[in-house]
Amino acid sequence: MATTALGPDPAQTSGDLPAPGSQAPDFTLVDTDLAEFSLSDLPGRRVISIFPSIGTGVCQASVRKFNELAAGLEDTTVLNVSVDLPFALTGFCAAEGLDAVKVGSAFRSSFGEDYGVRLLDTKFEGLLARAVVVVDADGTVVHSELVPQIGQEPDYDAAVAALS
């Protein structure tokens, strides 16, 4: 179990993020067309941006920033994951013209437990904590960050640096 924060309140997660040097757990997420996909379906390196809901300003800002960064990353898939329905994720990305990132919904999967990011308490119980996991082409975790405050953006520079 790890701890982040929602405002002034500590927020416990269901586990710990995969550690650098470990194999990234496989997962099943739901794509925009309601088809399932897994980590192994994503070619090359993967930046997995995890957040509570596309309905919040900080989550929207992180998807925009990762879309901007993804445009300059070769052989890299940037995946944004939340428990939002695929329709909400797709609608936001379409309205914003964000086409360099992929979205995946964890609404019917064990992703939150597999990556240790399901929130166990606070008003966000059941949603995912804000985190970033970077996985190389061989499936090895090269960077992971549980953002200390859910209302704070992740360290984009550290995530991109881990790709080199």
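Please refer to the structure placed before this passage.
Quick caveat: nothing in here was measured; it's all calculated off a predicted structure.

S.K.: Just to check I follow, could you spell out helix H1 (residues 57–70) for this structure?
M.R.: Think of an α-helix as 3.6 residues a turn; residues three or four steps apart then line up on the same face. The end-to-end C-alpha distance of H1, which contains 14 residues, comes to 20 Å, matching closely the 20 Å that a straight helix rising 1.5 Å per residue would cover. By the burial criterion, the buried members of H1 are Cys59, Ser62, Val63, Phe66, Asn67 and Ala70. Along the long axis of H1, the arc covered by the buried residues comes to 135 degrees, so they all point the same way. In the core, the buried residues of H1 are packed alongside strand E5 (45–50), strand E6 (76–82), helix H2 (86–96), strand E8 (131–135) and helix H4 (156–161).

S.K.: Looking at this structure, how should I read the environment of lysine 102?
M.R.: Within the fold, lysine 102 resides in strand E7 (residues 102–105). Here the alpha-carbon distance between lysine 102 and valine 81, two residues 21 residues apart in the chain, equals 8.8 Å. A polar atom in the side chain of lysine 102 sits 2.9 Å from the side chain of aspartate 31.

What counts, and where the lines are drawn
Residues numbered from 1 in each chain as written. Predicted model: local features only at pLDDT ≥ 70, side-chain atom pairs only at ≥ 80, totals over all residues. Heavy atoms only, no water. Helix = DSSP H or I, 4+ residues; strand = E, 2+ residues; numbered from the N terminus. Expected span 1.5 Å × (residues − 1). Buried < 20%, exposed > 50% of the residue type's maximum accessible area, 1.4 Å probe, protein only. Arc of directions from axis to C-beta. Contact = heavy atoms within 4.5 Å. Polar contact = N/O pair within 3.5 Å; in protein donor to acceptor, adjacent residues only side chain to side chain.

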